[in-house]
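A structural walkthrough
Each chain, written out:
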Amino acid sequence: MTGGELSAELIAELEAALTGEPAGDEPPGPVVADGRHWHVELGPAETEILTLVAGGVRLLVAAGDDRAVPASPPVYPHDPARDAAFRAAHAEETRARRLAELDLLAAVLAGQPVDQAGLLACVRALNDVRRVLAAVIGVDEHWRVPDEPTPDEAVFLACGWLLSALVVAAGGPDL
Amino acid sequence: MPAPAAAPNLAQMVGPTTDEDRPWKVVLWNDPVNTTSLVVLALQQLFGFDRLQAEHIMWEAHHNGRAVVRSGPRERAEADVAGLHAWGLSASVERDA
């Protein structure tokens, strides 16, 4: 989904950002707190790639593309009719929420600060992007971080790195 | 001296119990993509759990494949599942035994 759209230079910069050893003091994290607001500070390559991928996922969600709906177990495992009714009842609300949160994520990647509610929405949106990528890559319980990630895998890892920082900034644990 | 009154029949007072009366369990499923930290944050935000409660449920799902988050009326259970879905988590509802 993303490989053909990324230049080798951008991928190399992203991989360096993911695997490179920090020189001297530990650099500040990508999520910066400012009073009751937070903003994200990424390098240009990371910003460009994540914005591109989040935009791609948004297009899929807007179009109702099946690739934007990672598989999930039925809500009513023993009642297909009730399961279908549940999904139908929530489909439009879910779609609208995902689009709004992906729009917010794009704005935050562009430097817009957010409050606590916005930060949580960004966590959900970035996780949304990450889950779609995981489905593309085929991440399952046997998947391990590869020594030489493909472009899609590199972006998946970058999403996980930023997601961890956002979760901690939102008050979640650093497990 | 009047005879003591018979004990009230509680079953008659509250009516028969039907399947619909039984609470519904909200089940969180393990999945290979969501991070442990994200799951804990979601449980804290959605249900007001403290970190220990949220971690307990997360680890139970992680190790056993599933964990019951809480039980209640069907409408609330469905709302809980919708909330978990909004965080990208896998969840279902099932009747309490």
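Whatever comes next refers back to the structure up there.
Quick look at the structure, then. Keep in mind it's a predicted model, so treat the numbers as computed, not measured.

**So, the overall build of chain A**
- A tally of helices and strands in chain A yields five helices and two strands.
- Start at the N end of chain A and walk to the C end: the helices and strands fall as α-β-β-α-α-α-α.
- Taken over 175 residues, chain A has a buried fraction of 40%.
- Within chain A, residue pairs in contact and separated by at least 24 positions form 69% of the contacts whose partners lie at least 6 positions apart.
- For chain A, the accessible area works out to roughly 9,100 Å², and carbon and sulfur atoms hold 55% of it.

**Some details on the pattern of salt bridges**
- Per the counting criterion, the structure on display carries 12 salt bridges over all chains.
- For B:K25, the salt bridge is made with B:E94, and the minimal N-O distance between the two is 3.5 Å. With a gap of 69 residues between them, B:K25 in strand β1 (residues 24-29) and B:E94 in strand β3 (residues 90-95) connect regions that are remote in the sequence.
- The shortest N-O distance in the salt bridge between B:D80 and B:R70 comes to 2.9 Å. Taken as a pair, B:D80 in helix α4 (residues 74-86) and B:R70 in strand β2 (residues 66-72) lie far apart in primary sequence, 10 residues in all.
- B:D80 sits in the buried class, given a relative accessible area of 8%.
- Three or more residues joined by partner-sharing salt bridges are found here, namely A:R97, A:E101 and A:R124.

**Remarks on the sheet that holds β3(B)**
Residue and element names in this part refer to chain B.
- If you walk across this open sheet you meet the three strands as β2-β1-β3, and the pairing is antiparallel. On the outer flanks of this sheet lie β2 and β3, each paired with one strand and no other. Put simply, the sheet's adjacent strands are angled 25° from each other on average, direction ignored.
- Pairing geometry for β1 and β2, over six bridges, is antiparallel. Each bridged residue has a counterpart across the sheet, and for W24 the counterpart in β2 is G72.
- On the sheet, helix α3 (residues 51-64) packs against β1 and β2 and is oriented at approximately 130° with respect to β2.

**Regarding the interface of chain A and chain B**
- Contact residues are listed per partner, giving 30 residues for chain A and 30 residues for chain B.
- Both sides together, the interface formed by chain A and chain B hides about 2,400 Å², and carbon and sulfur atoms give 63% of it.
- Where chain A meets chain B, there are zero salt bridges.
- For the side of chain A that touches chain B, the secondary structure elements donating two or more residues are α3 (80-109), α4 (116-137) and α5 (151-169) of chain A.

**Describing the pairing of β1(B)**
All names here are of chain B.
- In terms of burial, β1 is a largely internal element, five of the six residues being buried.
- For β1 and β3, the ladder comprises six bridges, and the chain directions are antiparallel. Paired with K25 across the two strands is E94, which belongs to β3.

**Side note on α5(A)**
- Between its first and last C-alpha, α5(A) extends 27 Å over 19 residues, near the 27 Å set by a 1.5 Å rise per residue.
- Those residues of α5(A) that fall on the buried side of the exposure criterion are A:D152, A:E153, A:A154, A:V155, A:F156, A:A158, A:C159, A:G160, A:L162, A:L163, A:L166 and A:V167.

**What about the packing of aromatic side chains?**
- According to the stated counting rule, one finds three aromatic pairs over all chains in the structure shown.
- With a centroid separation of 5.8 Å and an interplanar angle of 85°, the aromatic rings of A:Y76 and B:W24 are classed as edge-to-face. One end of the pair, A:Y76, is in the loop between α2 (44-63) and α3; the other, B:W24, is in strand β1, on a second chain. By the burial criterion, A:Y76 is buried, and B:W24 matches it.
- With centroids separated by 5.4 Å and ring planes inclined at 25°, the aromatic side chains of B:F47 and B:F49 adopt a geometry described as stacked.
- For B:F49, a relative accessible area of 15% gives the class buried.
- For A:R82, the ring lying beneath its charged end belongs to A:Y76, and the centroid distance is 5.4 Å.
- In this structure, A:R124 is placed above the aromatic ring of B:W87, and the distance from its NZ or CZ to the ring centre is 5.0 Å.

So, how was this worked out
Residues numbered from 1 in each chain as written. Chains lettered and ligands numbered in written order. Predicted model: local features only at pLDDT ≥ 70, side-chain atom pairs only at ≥ 80, totals over all residues. Heavy atoms only, no water. Helix = DSSP H or I, 4+ residues; strand = E, 2+ residues; numbered from the N terminus. Buried < 20%, exposed > 50% of the residue type's maximum accessible area, 1.4 Å probe, protein only. Contact = heavy atoms within 4.5 Å. Areas by Shrake-Rupley, 256 points an atom, 1.4 Å probe, with all protein chains shown as cover. Salt bridge = Lys/Arg side-chain N within 4 Å of Asp/Glu carboxyl O. Pairing = 2+ DSSP bridges. Axes fitted to C-alpha atoms, helices over the stretch in contact; angles between N-to-C directions. Buried area = accessible area lost by both parts, 1.4 Å probe. Expected span 1.5 Å × (residues − 1). Phe/Tyr/Trp six-rings, centres within 6.5 Å; stacked < 30°, edge-to-face > 60°. Lys NZ or Arg CZ within 6 Å of the ring centre and 35° of its normal.

Remember, this is a structural readout, not a statement about activity or role.
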